[in-house]
Amino acid sequence: MASFTASSLSLSNVSCSLKQNQASSLRKASLSFSGKGLPSHRLPALRFRVACAAKKDTVNKVVEIVKKQLALPEDREVNGESKFATLGADSLDTVEIVMGLEEEFGIAVEEESAQSITTVQEAADLIEKLLEKK
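Residues numbered from 1 in each chain as written. Predicted model: local features only at pLDDT ≥ 70, side-chain atom pairs only at ≥ 80, totals over all residues. Heavy atoms only, no water.

- In the nomenclature of an unreviewed UniProt entry, the protein chain corresponds to Acyl carrier protein from the organism Sesamum angolense.
- Recorded in UniProt under Sequence similarities (unreviewed entry), the annotation for the protein chain is "Belongs to the acyl carrier protein (ACP) family."
- UniProt lists a comment for the protein chain under the heading Subcellular location (unreviewed entry), and it reads "Plastid, Chloroplast". (UniProt positions renumbered as here; feature names shortened; annotations may be inferred.)

As structure tokens, this is what we get:
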């Protein structure tokens, strides 16, 4: 099933197969679709970004650590999109959050990577990337 809303496209029951090394060099893709009640369509090459979100469990652990490090109340809404700065974290708090993540997950985060983390989701994605390398 395909549905169009403004300039976005929503697809369900879509499968995609890419080899691991293909995704990093992927810049453009074309999309074709057809189905019952739909004429066959082919869209021109589109630019898109492929992102793999971290597991929910990883995000939840990061949320717990961030709340603890920043002494946030339990009822404070923190999710993957939450920015550390918006939650009140300064650069020292961010360093402490990263240290807490390293301890919890048994990983080592390089300084350059640590400085680029600004959201809970970015932290969770980096953690899973580092755990894959272990």
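## Remarks on helix H5 (residues 120-133)
Okay, step 1: Along its 14 residues, H5 runs 20 Å from first to last C-alpha, staying within 8% of the 20 Å computed at 1.5 Å per residue.
Okay, step 2: What H5 keeps buried is the set Val120, Gln121, Ala123, Ala124, Leu126, Ile127, Glu128 and Leu130.
Okay, step 3: Contact partners of the buried residues in H5: helix H2 (56-69), helix H3 (91-105) and helix H4 (111-116). (Helix = DSSP H or I, 4+ residues; strand = E, 2+ residues; numbered from the N terminus. Expected span 1.5 Å × (residues − 1). Buried < 20%, exposed > 50% of the residue type's maximum accessible area, 1.4 Å probe, protein only. Contact = heavy atoms within 4.5 Å.)

## Regarding unusual backbone geometry
Okay, step 1: Although it is not a glycine, Ala71 sits at a positive phi angle of roughly 50°.
Okay, step 2: In this structure, Ala71 sits in the loop between H2 and H3.

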